[in-house]
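Secondary and tertiary structure notes
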Amino acid sequence: MPSSYLLLSLLFVASFSLATLLQPLYQSWEGSRTSSTGVINVLFGDSRRMFANHFFVEADIYFHNGYYPSIFDQGKLHESSPMAQTIESGGKHEHDSPRHDDHEKERKSDFMGQPKDWIDRFGRNFYASEHTHLEKNGDEREILPWLRLSAELDPKRVESYTVAAYWLRNRLGKVKEAEQFLREGLRANPQSYEILFELGRVAFENRKDSQTARNLLELALRRWREQQEGNSEPDILLHQRIIGHLVEVEEQAGNWDAAKKYLEELKTYSPAPQEIQKQIDEITQKNTLPSTPQPAPARDDK
Amino acid sequence: MNNILALAIVVIKELYRRKDFYVLFVLTGLLTVLLGSVNLFNDDKIVRYLKEICLLLIWVSCLVIAIVTTARQIPAERENRTIFPLLAKPVSRAQVLLGKFTGCWLTCGLALLIFYLFFGVVSGTREHHWPFLNYFQALWLHWWLLAIVIAMTLLGSLIFAAPSSNSTIIFIIVVGILLLGRHLGKVALQLPEPSQSIVYSGYMAMPHLEFFDVRDLIIHNRDLIAWWAWGMATLYAMAYSAFFLFLAWLAFRKKALN
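Keep in mind that this is a model prediction, so the values were computed, not measured.

Topic: the overall build of chain B
A count of helices and strands for chain B gives 12 helices and zero strands. What you see in chain B, going N to C, is helices and strands ordered as α-α-α-α-α-α-α-α-α-α-α-α. For 258 residues, the compact-globule estimate of 2.2 N^0.38 gives 18 Å, and the C-alpha radius of gyration of chain B, at 20 Å, lies within 12% of that figure. Dimensions along the principal axes, computed over C-alpha positions, put chain B at roughly 65 × 55 × 35 Å.

In structure tokens form, the structure reads like this:
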């Protein structure tokens with residue numbers, strides 16, 4: 001009997017020793033299922049990107065209160081409806097961008113068309129067949145779970161972060177949460193000029209921190225140049241917006257030369273260069289007028 | 001009528017003796033509460049995703065209860081040989097069918113009531129908004145959809161060899177109609193003849209179960225369904241349930257039971 005107790009103790013000690021040996025190895029192993037991303041990777045593999053896309057579209061469906069074209073309506077939609085442009089542009093509904101015009105067209109669009117038969121006509125009573133948007137009482141918050149899920153499934157999908165941050169910041173007044181989510185996005189996508197731009201806007205528009213805003217926007221511009229210059233179809237819209245914000249930051253700080261330099265760059269891409277030239281002239285005029293210049297904050301080039 | 005009611009009561013008693021409903025209800029409740037406790041951007045007013053998931057779980061649970069409960073009714077009576085004393089009461093075969101149908105349908109109604117009560121509480125406590133009439137319309141249409149499904153499953157239980165194959169086939173048909181029913185007409189119109197006529201005829205003839213799926217209207221707080229449309233949908237469901245029950249009676253009428 002005592003020998004069996006001894007054997008049991010020996011086995012226990014052996015197991016314990018092995019556990020102390022294996023535990024650190026398991027924690028550092030890439031295939032470990034201990035982290036949340038590990039679980040998602042194990043469950044979905046590469047298909048998680050497909051699901052991320054699905055949930056991103058789900059957010060857009062929620063934004064339209066369930067009124068959304070199915071896969072069977074997509075063909076017709078791509079030919080005619082501006083709503084497709086909204087989908088392709090990542091579901092951004094910014095009222096300070098040209099996409100807003102698309103959105104107004106989208107309101108008037110009707111992907112359903114006339115009912116094809118009595119079943120189609122009668123069936124429209126039982127699903128969302130009227131085009132409306134989440135635009136009151138902070139209802140926009142309803143799209144956020146799907147954007148969060150989309151980002152969890154595919155952290156490389158930059159739009160999930162920027163779209164969610166837009167709604168959090170502009171409509172729901174949740175600046176802290178927007179910034180936190182953008183920082184999560186930046187950790188997953190350190191080269192993303194879109195996320196840097198949004199962070200710059202948070203710093204400039206919400207935090208009123210011109211110094212940080214300038215650093216972030218300049219970094220965004222640098223990243224844009226690294227990735228987009230030389231592309232056959234560069235993301236001109238975002239380039240213009242980055243520069244537009246940099247001009248605002250420099251104007252506010254009284255750095256007229258820097259503002260002029262950015263406006264000159266903007267002019268080369270702008271569809272209305274005369275307007276930009278007018279702005280440059282205004283700045284030159286301001287610059288030559290005798291005035292007390294505001295002290296420019298120290299530039300911190302990262 | 002008394003015979004039909006007596007048979008129906010037996011089916012209802014079977015539901016609360018079996019564990020199917022309890023398991024599905026606890027699972028639905030657990031998953032909903034778990035998802036409701038997730039912190040999303042420190043905003044506790046986000047509710048639509050929860051409504052969507054809760055309603056999806058309710059739909060899946062109710063379909064499982066309806067199909068599985070109905071599919072085993074007649075095969076179990078035959079297997080246990082209790083069908084012979086039942087028919088010797090005397091209870092006609094039509095009464096057996098109607099009794100089984102009524103029992104399964106009422107059983108699903110009770111389950112639906114509990115599920116929707118839970119859904120109403122979950123959504124109301126988060127949303128502070130109680131659209132009772134919308135919930136009533138949704139529950140009613142859901143219940144009538146289950147009437148069609150139960151009638152189809154009863155017919156299937158007289159055609160297919162085993163309850164498992166019947167359940168699987170009916171489940172596939174129902175999910176297929178719910179997902180594609182609305183779009184089959186559009187697909188048909190893009191096909192060349194004679195495929196177009198064949199698919200379009202199928203589209204016109206099949207029971208359009210998607211009429212009864214008003215989850216999107218509930219999730220997105222849409223307006224009430226027009227009462228005339230709601231009434232017409234009820235009549236539509238009655239007609240299809242009667243049609244499948246009649247087919248089931250034709251199949252059962254002269255079926256050898258041993």
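A closer look at the interface of chain A and chain B
The interface is formed by 34 residues belonging to chain A together with 35 residues belonging to chain B. Counting the surface chain A buries against chain B, the share from its top three residues, Phe72, Ile119 and Phe126 of chain A, is 22%. Connecting chain A to chain B are two salt bridges. Residues Arg141 of chain A and Asp43 of chain B are paired through a salt bridge, measuring 2.8 Å at the closest nitrogen-oxygen approach. Counting residues per element, the side of chain A that touches chain B draws most heavily on helix H7 (residues 118-123) of chain A, at five residues. For the side of chain A that touches chain B, the class distribution of residues is 15 nonpolar, seven polar and 12 charged.

A short note on helix H3 (residues 48-63) of chain A
All names here are of chain A. With 16 residues, H3 ought to run about 22 Å at 1.5 Å a step, and its terminal C-alpha atoms sit 23 Å apart, in line with that. Turning to H3, its buried residues number three or more, namely Arg48, Ala52, Phe55, Phe56, Glu58, Ala59, Asp60, Ile61, Tyr62 and Phe63. Count one or two residues on from H3 and you reach Asn65, which has phi positive near 50 degrees.

Notes on the environment of Asp73 of chain A
Locating Asp73 of chain A in the fold gives a position in the loop between H3 and helix H4 (74-80). Not counting residues within four places of it along the chain, the set of residues in contact with Asp73 of chain A comprises Phe111 of chain A together with Lys186 of chain B.

Focus on the layout of surface pockets
In this structure, the second largest pocket encloses a volume near 670 Å³. Forming the walls of the second largest pocket are 31 residues, and the residues nearest its centre are Lys136 of chain A together with Arg48, His220, Asn221 and Arg222 of chain B. Considering only residue class, the lining of the second largest pocket consists of eight nonpolar, 10 polar and 13 charged.

Some words on the packing of aromatic side chains
In total, this model carries 36 aromatic pairs over all chains according to the counting rule given. Note on Tyr161 of chain A and Phe181 of chain A: the rings are 5.0 Å apart at their centroids and 50 degrees apart in plane angle, and the pair reads as tilted. In this pair, Tyr161 of chain A sits in helix H9 (residues 158-171) while Phe181 of chain A sits in helix H10 (residues 175-188), placing the two residues 20 residues apart along the sequence. Comparing Tyr161 of chain A with Phe181 of chain A shows no difference in burial state: the two are buried. Here a set of aromatic residues connected by ring pairs shows up, and it is made of Phe122 and Phe126 of chain A together with Phe211, Phe212, Trp228, Tyr236, Tyr240, Phe243 and Phe244 of chain B. A cation sits over an aromatic face here: Arg93 of chain B above Phe252 of chain B, 5.4 Å from the ring centre.

Examining the pattern of salt bridges
All names here are of chain A. Applying the stated criterion to the full structure yields 24 salt bridges over all chains. A salt bridge links Arg214 to Glu250; the shortest N-O distance between them is 3.1 Å. Here Glu250 lies in helix H13 (residues 236-253) and Arg214 lies in helix H12 (residues 210-228), a separation of 36 residues in the sequence. Both residues of the pair, Arg214 and Glu250, count as buried. Among the ionic contacts, a cluster of salt bridges with common partners joins Arg169, Glu198, Arg201 and Glu205.

Focus on empty space enclosed by the protein
Residues and elements named next belong to chain B. All chains considered together, the criterion is met by seven cavities of 30 Å³ or more. Size it by volume and the second largest cavity reaches roughly 50 Å³. As for the second largest cavity, its lining consists of Asn134, Gln137, Ala138, Val214, Leu217, Ile218, Asp223, Leu224 and Ile225. Elements with a contribution of two residues or more to the lining of the second largest cavity: helix H7 (132-159) and helix H11 (215-219). The leading source of residues in the lining of the second largest cavity is H7, at three residues. Of the residues that constitute the lining of the second largest cavity, the class distribution is six nonpolar, two polar and one charged.

Some remarks on the confidence of the model for chain A
All names here are of chain A. Looking at chain A as a whole, its pLDDT mean stands at 78, while 79% of the residues score no less than 70. Taking the mean pLDDT of every element in chain A, the minimum, 38, falls on helix H5 (residues 83-88) and the maximum, 91, on H10. Here residues 78-101 scores under 50 on pLDDT; set against residues more than four positions off or in separate chains, the count is 55 contacts. Between residues 296-302, whose pLDDT stays under 50, and residues either more than four places distant or in other chains, the model counts 16 contacts.

Things to note about the side chain of Asp213 of chain B
Structurally, Asp213 of chain B is set in the loop between helix H10 (195-205) and H11. On the accessibility criterion, Asp213 of chain B (16% relative accessible area) is buried. There is a polar contact of 2.8 Å between the side chain of Asp213 of chain B and the side chain of Arg215 of chain B. Contact partners of Asp213 of chain B, with chain neighbours within four places excluded, come to Phe126 of chain A together with Trp59 and Leu178 of chain B.

Notes on the state of the cysteines
Residue and element names in this part refer to chain B. Taken as a whole and assessed by the stated rule, the structure comprises zero disulfides over all chains. With no disulfide of its own, Cys54 lies 11 Å from the sulfur of Cys62, the closest cysteine sulfur. A relative accessible area of 1% places Cys54 in the buried class. Considering cysteine sulfurs only, Cys108 is the nearest to Cys62, which forms no disulfide, with 6.8 Å between them.

Let's talk about a nonpolar patch on the surface
A cluster of nonpolar side chains, contributed by Ile71 and Phe72 of chain A together with Val175, Leu179 and Leu180 of chain B, occupies part of the molecular surface with about 470 Å² of accessible area. Structurally, Phe72 of chain A can be placed in the loop between H3 and H4. A residue is classified by how much of its surface remains accessible, and Phe72 of chain A, at 32% relative accessible area, is partly exposed.

Analysis parameters
- Residues numbered from 1 in each chain as written.
- Chains lettered and ligands numbered in written order.
- Predicted model: local features only at pLDDT ≥ 70, side-chain atom pairs only at ≥ 80, totals over all residues.
- Heavy atoms only, no water.
- Helix = DSSP H or I, 4+ residues; strand = E, 2+ residues; numbered from the N terminus.
- Rg over C-alpha atoms; globule rule 2.2 N^0.38 Å.
- Contact = heavy atoms within 4.5 Å.
- Buried area = accessible area lost by both parts, 1.4 Å probe.
- Salt bridge = Lys/Arg side-chain N within 4 Å of Asp/Glu carboxyl O.
- Nonpolar A, V, L, I, M, F, W, Y, C, P; charged D, E, K, R; others polar.
- Expected span 1.5 Å × (residues − 1).
- Buried < 20%, exposed > 50% of the residue type's maximum accessible area, 1.4 Å probe, protein only.
- 1 Å grid on protein atoms, 1.4 Å probe; cavity = no way out; pocket = protein on both sides within 12 Å on 5 of 7 lines; lining within 4 Å.
- Points joined across faces, edges and corners; volume = space filled by probe spheres on them.
- Phe/Tyr/Trp six-rings, centres within 6.5 Å; stacked < 30°, edge-to-face > 60°.
- Lys NZ or Arg CZ within 6 Å of the ring centre and 35° of its normal.
- pLDDT = per-residue confidence, 0-100.
- Polar contact = N/O pair within 3.5 Å; in protein donor to acceptor, adjacent residues only side chain to side chain.
- Disulfide = S-S within 2.5 Å.
- Patch = residues over 30% accessible without salt bridge, like charges linked within 9 Å, V, L, I, M, F, W, Y side chains within 5 Å.
- Areas by Shrake-Rupley, 256 points an atom, 1.4 Å probe, with all protein chains shown as cover.

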